[in-house]
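Residues per chain, in single letters:
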Amino acid sequence: MRIFISAPYSAKTDEAVEANVSLAVDASIALLQKGHIPYCPHLSHYIHLRAKEQKIKFSHSQWVLQGLVWLGMCQAVIFLGDWKNSKGCQEEYLLACRNKMQIFYDLKEVT
């Protein structure tokens, strides 16, 4: 199953952003081990860093739109971390509900 990973990305410190990316990457690994095809939008972190080096800035809404497009191609979504306090995750949740996607809230729920 194609599963979109929804979890907060933005944070107040670089260390907290890295922790958010690590959470999503670890979830990707777990989903791969279960035989699924995860989409991890947090890997865009490395695109963001490279663009920043090149003095290129993308708006938050551009990043969210990119995620929503990919979410629309998935069959399910898993919400992790403090997702209820993330504007991007909230938009992903609304799209998932509108599209009647299968929703998971814990890796243990995914078989």
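Scoring rules and cut-offs
- Residues numbered from 1 in each chain as written.
- Predicted model: local features only at pLDDT ≥ 70, side-chain atom pairs only at ≥ 80, totals over all residues.
- Heavy atoms only, no water.
- Helix = DSSP H or I, 4+ residues; strand = E, 2+ residues; numbered from the N terminus.
- Buried < 20%, exposed > 50% of the residue type's maximum accessible area, 1.4 Å probe, protein only.
- Pairing = 2+ DSSP bridges.
- Axes fitted to C-alpha atoms, helices over the stretch in contact; angles between N-to-C directions.
- Contact = heavy atoms within 4.5 Å.
- Expected span 1.5 Å × (residues − 1).
- Arc of directions from axis to C-beta.

### Thoughts on unusual backbone geometry
Working step 1: Look at Lys55: it is not a glycine, yet its phi comes out positive at around 60°.
Working step 2: Structurally, Lys55 is set in the loop between helix H2 (44-53) and helix H3 (60-71).
Working step 3: Using a relative accessible area of 77% as the deciding quantity, one classes Lys55 as exposed.
Working step 4: A positive phi angle, near 55°, is found at Lys100, a position not held by glycine.
Working step 5: Structurally, the position occupied by Lys100 is in the loop between helix H4 (87-98) and strand E4 (102-104).

### Re the sheet that holds strand E1 (residues 2-6)
Working step 1: Strand order in the open sheet formed by four strands is E2-E1-E3-E4, with parallel pairing between adjacent strands. Two strands lie at the open edges of the sheet, namely strand E2 (37-39) and E4, each paired on one side alone. Averaged over all pairs of adjacent strands, the angle between their axes in this sheet comes to 25°, without regard to strand direction.
Working step 2: Here four bridges tie E1 to strand E3 (residues 76-79), and the two strands are oriented parallel to one another. Directly across from Ile5, in E3, lies its bridge partner Ile78.
Working step 3: Its contacts with the sheet put helix H1 (residues 14-33) on E1, E2 and E3, and the angle it makes with E1 is roughly 160°.

### Describing H3
Working step 1: Relative to the 16 Å expected for 12 residues at 1.5 Å per residue, H3 spans 16 Å between its end C-alpha atoms, a close match to the ideal helical length.
Working step 2: Taken together, the buried positions of H3 are occupied by Val64, Gly67, Leu68 and Leu71. Take H3 and look down its axis: the buried residues cluster within an arc of 100°, on one side only.
Working step 3: In this fold, the buried residues of H3 make contact with E1, E3 and H4.

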